[in-house]
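# Structural characterization, general
Each chain, written out:
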Amino acid sequence: MIPKLDKLVFISLIFMNLSAVYCKSIENVKKRPNIVMIVADDLGSYDVSLSGNDEILTPNIDALGYQGVVFNRHYTQALCGPSRAALLTGKYPIHTGMQHFVIFPDEPRGLPLNLKILPEYLKEVGYKTHIVGKWHLGYARKSFIPTRRGFDSHVGFLGGYVAYYNYTEIFRDYIPGFDFYHNEEVYNDVVGHYLTDVLTDEATKIIGNHNSEDGPIMLYLAHGAPHAINASDPLEVNPEDLETVAHIKDPDRRKYAAMVKALDRSVGKVVTTLKEKDLLENTIILYFSDNGGPTIGLWENTGSNYPLRGQKDSPWEGAVRGLAAVWSPLFQKRHYVSSHMIHITDWLPTFLQASGTPSYRSETFDGFDIWSTLDYNKPPAREEMVQSFDPVDGYTAYYFNGWKYINGTTWNGIYDTWIGSRSFDLNPEASSYADVVMKSPVWQALNPFATRLLKPNDVDDIRRKTKITCQRQYESLNTCNPLRAPCLFYLDADPCEMNNLADAQPGRVVELQKRIREVEKTMLPPGNLPSDPKADPALNDGLWTWWLDRLQEVAESQNFLIENNFE
């Protein structure tokens, strides 16, 4: 039997121990890194000046790379919806049913609800989770939208794009539908204001209002820029941005460049706000584009993926390979270009590892934890990459251990050439490029965390290492027509897919085909569904909205009236 006084001491010790455990738990939550992801939409891989382009200067995006790490071989999917699904699930689209094209505005499906996505994991360990901008993973039912999938808040649009000033999307023969929401409420106040700036302001408000005592923040800023919009006027700009790119002669390219300038300005404002909020010392910032730019064809915006072959919605490198810039003071090694192959599915397991989220370890992902790659440039484990398996369009793009196999293509081959190559107009400030970058808001915010003193020649040296050097094209090997026969490229030496080695390496082709058949056994069927005309904005108060729920509500109301003799 414990004496009364000893009992009090014993209880006090238990209470102190529990308090210590609780405080330690809270302290761990505080130490978990803030995660900020900024994703461009349909930006050409050559259209940031970090890649060597002297036509459109993007000093803020570039500074993020110089101060952090530039991944010169960052891979996404060939289209925006599949890329976003891969980012948030850590799985290839073939394993989520999202592999064929995108979710149309009148298509009654969404990212499958049995899939757990990034914000749902992060909320388990105390994160405040926010999305600003584009969703494009379904909205036919409320259960598909961000605030029902683990995000604490969403300000933005649910479909694939909206006009930059009136926030409507025109699709098929439907009337233009409004698509902009604050959580689950229509948000009309933004009409007349430029989309990129509106999203930037909303993102900075979230950062400014965040209380670190409540835990870390995860912000997913999914821009609409520079995605083209309605066919009659596909490129809308802020006039002030247009003035900064007056040197570009082609009027459409000039508008596109102005849209990119707005995007770069957004990156500057977000990073500056993180600095003002004293959040940088424990934050990871990631920037990339969801796929390559569409130079021609559907949603063309004049984006360039030079010198890569192809463009958005194709099996070629121009569709899927781009630059990613990632920064954090937590990385031991910074200020360099990494040639390691990174895939968009890698970010989810990496962020979950960094945040100390335990539940993900029991899940199966196609992505790898690349924290050691981020931290000190250790080679990642990836040797295989499923770029596209599309049984509807009937094409395959697959990478294994340096080799890329292509069989079939999209749009009857109209995107199969080096269509991003063009004449670029020199920006007058290009001669002082390093100075422009070093005066940018992002550079000013991040430079205090630099691991070494960076000078203009360091900037120029890092930039030179982002250059993609094409292999010489041999006439005898310029034989690829994937509509007739499979093509094979040794991608590690031939990044521009110049020389088809299928005939010279028949054994390699057979080996890859065998591997592909094994992977295909794990593939889910595409989840695409027929269009539903009841999604028509004319039937839904002029909105693109969760029409299946609205129909159900009407049906239930009518049944109630009938059952209660209120006919």
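Below is a summary of the structure that appears in this document. (Residues numbered from 1 in each chain as written. Predicted model: local features only at pLDDT ≥ 70, side-chain atom pairs only at ≥ 80, totals over all residues. Heavy atoms only, no water.)

Time to look at the layout of surface pockets. Its volume calculated, the largest pocket comes out at about 340 Å³. Lining the largest pocket are 18 residues, and of these Tyr46, Ser51, Thr466, Lys467 and Ile468 lie nearest its centre. Only strand E11 (321-327) and helix H13 (456-464) provide two or more residues apiece to the lining of the largest pocket. The dominant element in the lining of the largest pocket, judged by the number of residues it contributes, is E11, at three residues. When its residues are assigned to classes, the lining of the largest pocket shows seven nonpolar, seven polar and four charged. Empty space within the second largest pocket amounts to approximately 290 Å³. If you go around the second largest pocket, you meet 18 residues; those closest to its centre are Leu57, Pro59, Asn60, Lys261 and Asp264. Those elements that place two or more of their residues in the lining of the second largest pocket are helix H2 (59-67), helix H6 (239-243) and helix H7 (251-276). Split into classes, the residues belonging to the lining of the second largest pocket amount to five nonpolar, six polar and seven charged. (1 Å grid on protein atoms, 1.4 Å probe; cavity = no way out; pocket = protein on both sides within 12 Å on 5 of 7 lines; lining within 4 Å. Points joined across faces, edges and corners; volume = space filled by probe spheres on them. Helix = DSSP H or I, 4+ residues; strand = E, 2+ residues; numbered from the N terminus. Nonpolar A, V, L, I, M, F, W, Y, C, P; charged D, E, K, R; others polar.)

Relative orientation of the contacting elements helix H5 (residues 195-209) and H7 amounts to 10°, with a least axis distance of 9 Å. When the axis of H5 is compared with that of H7, the two are roughly parallel. Along the contact surface, H5 presents Thr196, Asp197, Thr200, Ala203, Thr204, Ile207 and Gly208, while H7 presents Ala262, Leu263, Arg265, Ser266, Lys269, Val270, Thr273 and Leu274. For the contact of H5 with H7, a count of residues per class yields six nonpolar, six polar and three charged. (Axes fitted to C-alpha atoms, helices over the stretch in contact; angles between N-to-C directions. Parallel < 35°, antiparallel > 145°, perpendicular 65-115°, else oblique. Contact = heavy atoms within 4.5 Å.)

Another point: the sheet that holds strand E3 (residues 128-134). Strand order in this open sheet of 10 strands is E8-E7-E4-E3-E9-E1-E10-E11-E2-E12, and the pairing throughout is mixed. Both edges of this open sheet fall to strand E8 (185-186) and strand E12 (336-343), since each of them pairs with a single strand only. Across two bridges, strand E7 (residues 181-182) lies against E8 in antiparallel orientation. Looking across to E8, one finds that His182 is bridged to Glu185. Sheet contacts for H2: strand E2 (69-75), strand E10 (283-289) and E11; angle to E11, the most-contacted strand, approximately 65°. The sheet contacts of H7 involve strand E1 (34-40), strand E9 (217-222) and E10, and relative to E1 the element is tilted by about 170°. (Pairing = 2+ DSSP bridges.)

A word on H2. Within H2, nine of the nine residues are buried, leaving the element largely enclosed by the surrounding structure. Turning to H2, its buried residues number three or more, namely Pro59, Asn60, Ile61, Asp62, Ala63, Leu64, Gly65, Tyr66 and Gln67. (Buried < 20%, exposed > 50% of the residue type's maximum accessible area, 1.4 Å probe, protein only.)

In spatial order, the strands read E13-E14-E15-E16; together these four strands make up an open sheet with antiparallel pairing. Strands with a single pairing partner mark the edges of an open sheet, and in this sheet they are strand E13 (384-390) and strand E16 (487-490). The average undirected angle you get between the axes of adjacent strands in this sheet is 10°. Alignment of strand E15 (residues 403-407) against E16, held across four bridges, turns out to be antiparallel. Within E16, the residue paired with Lys404 across the bridge is Phe489. Against the sheet, helix H14 (residues 506-520) makes contact with E13, strand E14 (395-400), E15 and E16, and its axis sits at roughly 105° relative to E14, the strand it touches most.

Below, the discussion takes up the pairing of E2. The side chains of a regular strand alternate between both faces of the sheet. Burial runs high along E2: seven of the seven residues are buried. Note: E2 against E11, five bridges, orientation antiparallel. Bridge assignment links His74 to a residue of E11, and that residue is Gly322.

This next bit is on the state of the cysteines. With the rule as written, the count across this model stands at two disulfides. Two residues share a disulfide in this structure: Cys470 and Cys496, whose sulfurs sit 2.0 Å from each other. Across the disulfide from Cys470 to Cys496, rotation about the S-S bond amounts to roughly -70°, and the bridge is consequently left-handed. A residue pair is termed long-range when its members are at least 10 positions apart, and Cys470 in the loop between H13 and E16 and Cys496 in the loop between E16 and H14 qualify at 26 residues. On the accessibility criterion, Cys470 (30% relative accessible area) is partly exposed. In this structure Cys496 comes out as buried when scored by relative accessible area, which is 0%. Put simply, Cys480 and Cys487 are joined by a disulfide, and their sulfur atoms are 2.0 Å apart. Across the disulfide from Cys480 to Cys487, rotation about the S-S bond amounts to roughly 95°, and the bridge is consequently right-handed. Each disulfide in the chain links cysteines that, numbered along the sequence, combine into the pattern 1-4, 2-3. (Disulfide = S-S within 2.5 Å.)

That is the geometry; function is a separate question.
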